[in-house]
Amino acid sequence: MSSIQERMMRVLLGALLLFQTVLGVPSKGQIAARELTSSATTAAVTAATCNGRTEYCDRSYSNVTFIGSHDSAFVGKLPQQNQNIDIKAQLDMGVRFLQAQTHHSLLDDSVLELCHTSCVLEDAGTLESFLGTIKDWLDANTNEVVTLLLTNGDSVDITDFGDTFSNSGIADYAFAPLSSPDTLPIDEWPTIGELISSGKRLVVFLDYGTDTTKVDYILNEFNYYFETAYDVTDSSFSNCSIDRPFGASASGRMYIVNHFLDVDIFGVKIPDRQHAARTNAATGDGSIGGQASLCEDMYDRAPNAILLDFVDEGDAINAQNSLNGF
Ligand SMILES: *[C@@H]1O[C@H](CO)[C@@H](O)[C@H](O)[C@H]1NC(C)=O
Ligand SMILES: *[C@@H]1O[C@H](CO)[C@@H](O)[C@H](O)[C@H]1NC(C)=O
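Bear in mind the structure is a predicted one, so any value in this text is a computation, not a measurement.

Caption draft 1: Highlighting the overall build of the chain. Check the secondary structure of the chain and you find 10 helices and 12 strands. Counting over 326 residues, the chain shows a buried share of 41%.

Below is the structure:
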């Protein structure tokens, strides 16, 4: 596709976005959020469970498989949006790993904004407000550990991330591996129970630009993980090879499987909404379980995170349970 066509496509997507904003059409996520508010506080009460199960209390963080929400903040029905339900609803349904893209705000360079490649195309609000939503949820759900994986597309200085975390009030929840500030070895991670009892119930990774001497709880993603290829258009999801970091070894790293299907429209890859239920099925060809078992054969252990679009479609939580042996 030529760059002119691509630009036209982006303008079209932008116009669609504007159209929705102007008319104020509520997204499915916003409606779901309203429906969920009344039953929000019931989940927190059960004691002696860790992320919903007693068994996780004694499991090392690095030995748990988490279903993750890819581009978790891009909620709505537009072609470039990846999720149907909002952050609170994702957490309420059991998702404990949220991935999000950050960029400079177009209006104020010092503000971090959750945007899709560009803030013209898709702007899901500030990082601070996103973190505030997660903080409120952690406040209300005291036996839960949540992981955040952020990308730093505009190479924003790490201290700006640190300030944003502090301003949102979530920084006190963030786990810092003080015994090994640069990289905690894979077999030295605390258990889910230890994270909960220490009050450090948020684990944060950033793809580029970390500096633990400045912000000790924002961890370098690629010191800890490798990832399989992303923007996959092959619905069989038959590839578990290491994509990033380039040339990395699997040994000593946790790993993230990018299990979200894209469809290529005139050279622009957009989330394949139509086949989400099949992609996110627990078992079968091209399913979560299908790709995970290919990866498990290759690396002799289950994935640590499996990133999905449209987490509410298919059978994500059953897949997560079964990968953890339940
Ligand atoms: C599998 O993924 C790796 C990493 O992204 C890539 O280099 C390789 O070409 C892929 N293999 C196939 C058959 O697509
Ligand atoms: C956790 O450990 C069990 C037992 O060794 C293993 O089968 C499983 O794949 C591990 N899961 C992860 C995510 O490391």
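Caption draft 2: Inspection of the nonpolar core at higher detail. Core analysis: the biggest nonpolar cluster contains 78 residues, and Ile67, Ala174, Leu202 and Val204 have the highest contact counts within it. It is strand S6 (residues 202-206) that provides the largest number of residues to this core, a total of 5 residues. Among all residues touching valine 204, those that are not within four sequence positions of it are Leu148, Ala174, Tyr217, Ile218 and Leu219.

Caption draft 3: A look at the pairing of strand S5 (residues 146-152). Burial of S5 is extensive: 6 of the 7 residues sit out of reach of the surface. Pairing of strand S2 (residues 97-104) with S5 involves 6 bridges; the strand directions are parallel. Counterpart to leucine 98 in the pairing with S5 is leucine 148. In this structure, S5 lies alongside S6, joined through 5 bridges in parallel fashion. Note that in S6 the partner of leucine 150 across the bridge is leucine 206.

Caption draft 4: Molecular detail of the site of ligand 1. Ligand 1 sits among Ala229, Asn239, Ser241 and Asp243. Across the shell around ligand 1, the residue classes break down as 1 nonpolar, 2 polar and 1 charged.

Caption draft 5: Unusual backbone geometry, seen in detail. Of note, the bond from arginine 244 into proline 245 is cis; its omega dihedral lies within 30 degrees of zero at -10°. The topology assignment puts proline 245 in the loop between strand S8 (225-227) and strand S9 (254-258). Of note, the phi angle at asparagine 51 is positive, near 45°, even though the residue is not glycine. Relative to the elements of secondary structure, asparagine 51 occurs in the loop between helix H2 (28-36) and strand S1 (66-69). Its identity is not glycine, yet threonine 117 carries a phi of approximately 65°, on the positive side. Mapping threonine 117 onto the fold places it in the loop between strand S3 (112-116) and strand S4 (118-126). Judged by the 12 C-beta atoms lying within 10 Å of it, threonine 117 falls in the exposed class.

Caption draft 6: Here's a closer look at the confidence of the model for the chain. When pLDDT is averaged along the chain, the result is 89; 86% of the residues meet or exceed 70. Counting interchain partners and residues more than four positions distant, the pLDDT-below-50 stretch residues 1-5 has 5 contacts. Note that residues 11-47 has pLDDT below 50 and, in this model, 42 contacts with residues that lie over four places away or in other chains.

Caption draft 7: Examining the environment of tyrosine 255 more closely. Locating tyrosine 255 in the fold gives a position in strand S9. Taking the C-alpha atoms as reference points, tyrosine 255 and tyrosine 224, separated by 31 residues in sequence, lie 8.0 Å from one another. The contacts of tyrosine 255, once residues within four sequence positions are left out, are Tyr225, Phe226, Glu227, Ala250, Tyr299, Pro303 and Asn304.

Scoring rules and cut-offs
Residues numbered from 1 in each chain as written. Chains lettered and ligands numbered in written order. Predicted model: local features only at pLDDT ≥ 70, side-chain atom pairs only at ≥ 80, totals over all residues. Helix = DSSP H or I, 4+ residues; strand = E, 2+ residues; numbered from the N terminus. Buried ≥ 20, exposed ≤ 12 C-beta atoms within 10 Å, placed from the backbone. Core = buried A, V, L, I, M, F, W, Y, C linked by C-beta atoms within 7 Å. Contact = placed C-beta atoms within 7 Å. Pairing = 2+ DSSP bridges. Near = placed C-beta within 6 Å. Nonpolar A, V, L, I, M, F, W, Y, C, P; charged D, E, K, R; others polar. pLDDT = per-residue confidence, 0-100.

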